[in-house]
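What follows is each chain in one-letter form.
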Amino acid sequence: FPDKVEDCVATFEKNPALVGQLKTLMTRMDLLPGDGCLKLGLRLFYYVGPMLREYTYASALCEKLKSLVEGNKTSDPYMAAIFYSWYGDTKLTTHGLPAAIAEFKRAKVFFEQADPVASRYEKVMFLTNNLGYFVHWQGDLETAQACLDEAKALQGDHQEVFPLCCIEGLEAAIAMDRGQFERATQALDRELAYFQKDPIAYKVDGHFSRAFKAHSLLKRAQMKVLERNPQEARALQLEALALAREAYTHAVRSSNGQNDTEIVARTLVYLAQAQNALGQSVEAEKNVRKAIQIFGAEYGGAQVIRRQGVAHIVLGDALSGQGKHEEAGKAYLMAEEVFNKISTHKAFDDMSEVWARLVDNAIVRGDANTARRCIAAHKATFDGLHPRYIVMAAKVASV
């Protein structure tokens, strides 16, 4: 096997029987030296988890590998750092976001003990794809930005595709949180350009870059609507719908034809969002309900990621488009509940968006209390010059 776990993918794909053989070997970890067992186990984890998406097995394997680290059977801080970086990812499904971040903090301690040159590649991935991205879900933009800045400094002039893609992905996520939607689109364009250089990287994550770019275009379209520029808004919405459809097709193909995997659910959320924007609310409702169902199955019914909250905003929009305002109001309240449960910080754009939706919905239903509550929360969290706040305030003043 090559030293970098990502490079081991080609070895597995040339020798498919290795997966079964290593699974058998991992049932007798007592036969292997600690450092060697951890290194081998992590290579197997990477292939069956991110590549084959056998998440149940990958999570169980991580629990076994943890005994090597916590039992002091391995002395390599670099491998321990990689372990906790991935272990945190598996914790998201079983224990939620705070537990995942706690494991990432353990990874950070081991990365600080590891050789800085040998661990650079994995540390960039850790800072962007794991710790930085998960704290962004909490709305902690300051910590996410610090992770991004450190990752950029470590990456320097190196040109490996995966780290560069992860840097651009986190750049886009932070820009989106700050309402800098055009900047987010530009970062995602750079990420997609990098993906074209590596078929394996593109297979793993290309679907989400396209879907997330569609999301950024739809956010830009929202601002164009607020600026009373419907032609530019519609052009962005049409571009987003085409991208979201491509992303969904890619996700199904990457899932070997299955249309009920977590990565398919990601793309369905943004496909439904684009359909809503173009008045296709019935189809949008069907797609986003399917996404919510998949997320529920994936996370055991728990609300653990911000994307679940976004899905409920999209559901609310689909119901609003059909005149079902009572049901829509419940969907928007669910989105707010998800964000409040997950987020330690509230000043991110998805929270602004759900408050704006709740105000619109409350006005339609004649619910003055909810309208006042949400507009007050928005003003306290964002400044009074925020474009959505200005429109909300005008609407409330006119009724």
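Use the structure listed above.
First, a word on what this report is: a plain description of the structure on this page.

Criteria and thresholds
Residues numbered from 1 in each chain as written. Predicted model: local features only at pLDDT ≥ 70, side-chain atom pairs only at ≥ 80, totals over all residues. Heavy atoms only, no water. 1 Å grid on protein atoms, 1.4 Å probe; cavity = no way out; pocket = protein on both sides within 12 Å on 5 of 7 lines; lining within 4 Å. Points joined across faces, edges and corners; volume = space filled by probe spheres on them. Helix = DSSP H or I, 4+ residues; strand = E, 2+ residues; numbered from the N terminus. Nonpolar A, V, L, I, M, F, W, Y, C, P; charged D, E, K, R; others polar. Buried < 20%, exposed > 50% of the residue type's maximum accessible area, 1.4 Å probe, protein only. Phe/Tyr/Trp six-rings, centres within 6.5 Å; stacked < 30°, edge-to-face > 60°. Lys NZ or Arg CZ within 6 Å of the ring centre and 35° of its normal. Salt bridge = Lys/Arg side-chain N within 4 Å of Asp/Glu carboxyl O. Contact = heavy atoms within 4.5 Å. Expected span 1.5 Å × (residues − 1). Axes fitted to C-alpha atoms, helices over the stretch in contact; angles between N-to-C directions. Parallel < 35°, antiparallel > 145°, perpendicular 65-115°, else oblique. Left-handed = near helix turned anticlockwise from the far one by under 90°. Core = buried A, V, L, I, M, F, W, Y, C linked by side-chain atoms within 4.5 Å.

### Brief notes about empty space enclosed by the protein
Remark: the empty space left among the atoms is shown by a probe the size of a water molecule rolled over them. Inspection of every chain in the model, using the stated rule, returns 3 cavities of 30 Å³ or more. The volume enclosed by the largest cavity comes to roughly 140 Å³. Lining the largest cavity we find 16 residues, and of these His136, Phe212, Tyr270, Arg306 and Asp350 sit closest to its centre. When residues of the lining of the largest cavity are traced back to their parent elements, those giving at least two are α7 (120-137), α9 (161-177), α11 (199-226), α15 (306-321) and α17 (349-365). For the lining of the largest cavity, the class distribution of residues is 8 nonpolar, 2 polar and 6 charged.

### Re the environment of alanine 60
By the secondary structure assignment, alanine 60 is in helix α4 (residues 55-70). With 30 residues separating them in the primary sequence, alanine 60 and threonine 90 have C-alpha atoms 9.2 Å apart.

### Concerning unusual backbone geometry
Not every positive phi belongs to a glycine, and arginine 228 is a case in point at roughly 60 degrees. Mapping arginine 228 onto the fold places it in the loop between α11 and α12 (230-254). Classification of arginine 228 as exposed rests on a relative accessible area of 77%. Here asparagine 256, not a glycine, exhibits a phi torsion of approximately 55 degrees, which is positive. By secondary structure assignment, the location of asparagine 256 is in the loop between α12 and α13 (262-277).

### Describing the packing of aromatic side chains
Here the structure, examined in full by the defined rule, presents 20 aromatic pairs. Judged by centre distance (5.3 Å) and plane angle (45 degrees), the ring pair of phenylalanine 1 and phenylalanine 12 falls under tilted. Of this pair, phenylalanine 1 sits in the segment before α1 (8-14) while phenylalanine 12 sits in helix α1, and the two are 11 residues apart along the sequence. Among the aromatic residues, those joined into a cluster by ring pairs are Phe104, Phe111, Phe126, Tyr133, Phe134 and Trp137. Stacked on the ring of phenylalanine 208, the Lys or Arg arginine 266 has its end atom at 5.5 Å from the ring centre.

### Some thoughts on the pattern of salt bridges
This structure, assessed with the given rule, holds 30 salt bridges. Ionic pairing is found between arginine 120 and glutamate 160, a salt bridge with its closest N-O pair at 2.4 Å. One end of the pair, arginine 120, is in helix α7; the other, glutamate 160, is in the loop between α8 (141-155) and α9, with 40 residues separating them in the sequence. Glutamate 160 matches arginine 120 in its accessibility class, with the two residues each being buried. With its nearest N and O atoms 2.8 Å apart, the salt bridge here joins glutamate 336 to arginine 373. One end of the pair, glutamate 336, is in helix α16 (residues 325-342); the other, arginine 373, is in helix α18 (residues 368-381), with 37 residues separating them in the sequence.

### Some words on the side chain of arginine 120
What makes arginine 120 buried here is its relative accessible area of 12%. Setting aside residues no more than four positions away along its own chain, arginine 120 makes contact with Leu154, Gln155, His158 and Glu160.

### Considering α9
Compared with an ideal rise of 1.5 Å per residue, which puts 17 residues at 24 Å, α9 spans 24 Å between its outermost C-alpha atoms and is within 8% of the ideal. Burial analysis of α9 places 17 of its 17 residues in the buried class, the great majority of the element.

### Re the packing of α17 against α18
At their nearest, the axes of α17 and α18 sit 8 Å apart, and the two run at 155 degrees to each other. Classified by the angle between their axes, α17 and α18 sit roughly antiparallel to one another. The two elements α17 and α18 meet at a crossing, and its hand is left-handed. Counted together, Ser352, Trp355, Leu358, Val359 and Ala362 of α17 and Thr370, Ala371, Arg373, Cys374, Ile375, Ala377, His378 and Thr381 of α18 form the full contact between these two elements. Here the contact of α17 with α18 is composed, by residue class, of 8 nonpolar, 4 polar and 1 charged.

### Observations regarding the nonpolar core
Counting residues in each nonpolar core, the largest one holds 138 residues, and the members touching the most others are Phe83, Leu92, Phe134 and Phe212. At 12 residues, α9 tops the list of elements feeding residues into this core. Each residue touching phenylalanine 83, except ones within four places of it in the same chain, is listed here: Leu38, Leu42, Cys62, Leu65, Lys66 and Val69.

### Looking at the layout of surface pockets
In this model, the largest pocket occupies a volume close to 1,100 Å³. In terms of lining, the largest pocket is formed by 46 residues, of which the most central are Asp89, Asn129, Asn130, Asp205 and Arg266. Of all the secondary-structure elements, those providing two or more residues to the lining of the largest pocket are α3 (34-51), α4, α5 (77-95), α7, α9, α10 (181-195), α11 and α13. Broken down by element, the residue count for the lining of the largest pocket peaks at 9 residues, all from α7. The wall of the second largest pocket is formed by 27 residues, among which Gln222, Val225, Asp317, Arg357 and Asp360 lie closest to the centre. Every element with two or more residues in the lining of the second largest pocket is listed here: α11, α13, α15, α16, α17 and α19 (387-397). For the lining of the second largest pocket, the element with the highest residue contribution is α11, accounting for 6 residues. Its residues assigned to classes, the lining of the second largest pocket shows 11 nonpolar, 11 polar and 5 charged.

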